[in-house]
Amino acid sequence: ESDAGDYTCVCGDKQSTASLAVHALPARIKENLKDEEVTEGQAATLRCELTKVAQVEWRKGSRLLKVSDKYKMRQEGTVMKLLIHDVELKDA
């Protein structure tokens, strides 16, 4: 997207200008989440990778997860991580 704009070719006192439009592709999941097993009381990390940087939502079933003492969300470039602290049976 940052390459969009006007480009000019200059030769002496002559020039030609053209506009380049870039149509962005949507982000897609490049690496899926993997199943995890942890012992009660431990922390769990779920991770997925996207094809490009984008906003994501984390959900458990239909419930939208929000940052809290229990849940931490991290983004490292195109890698998205959900950290679940002090895992309980109900977190399965």
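Here the structure is a predicted model, which is why all the values come from computation and not from measurement.

**Observations concerning the environment of alanine 24**
Point 1. Within the fold, alanine 24 resides in the loop between β2 (14-20) and β3 (29-31).
Point 2. Considering only alpha carbons, one finds alanine 24 and glutamate 1, 23 residues apart in sequence, at a separation of 6.4 Å.

**Some points on the pairing of strand β4 (residues 44-50)**
Within a regular strand, the side chains alternate between the two sheet faces.
Point 1. Pairing geometry for β3 and β4, over two bridges, is antiparallel. Bridged to glutamate 31 within β4 is glutamate 49.
Point 2. Bridge count between β4 and strand β8 (residues 79-84): six bridges; the pairing is antiparallel. Residue pairing across strands places glutamate 49 opposite valine 79, the latter belonging to β8.

**Here we look at the sheet that holds β3**
Point 1. A sheet is described by the order of its strands in space; here four strands give the open sequence β3-β4-β8-β7, paired in antiparallel fashion. One side of each edge strand has no neighbouring strand; the edge strands of this open sheet are β3 and β7 (71-76). On average, adjacent strands in this sheet sit at an angle of 30 degrees to one another, irrespective of strand direction.
Point 2. In the sheet, β7 pairs with β8 via six bridges, with the strands oriented antiparallel. Considered in β8, the bridge of arginine 74 is made with lysine 81.

Criteria and cut-off values
Residues numbered from 1 in each chain as written. Predicted model: local features only at pLDDT ≥ 70, side-chain atom pairs only at ≥ 80, totals over all residues. Heavy atoms only, no water. Helix = DSSP H or I, 4+ residues; strand = E, 2+ residues; numbered from the N terminus. Pairing = 2+ DSSP bridges. Axes fitted to C-alpha atoms, helices over the stretch in contact; angles between N-to-C directions.

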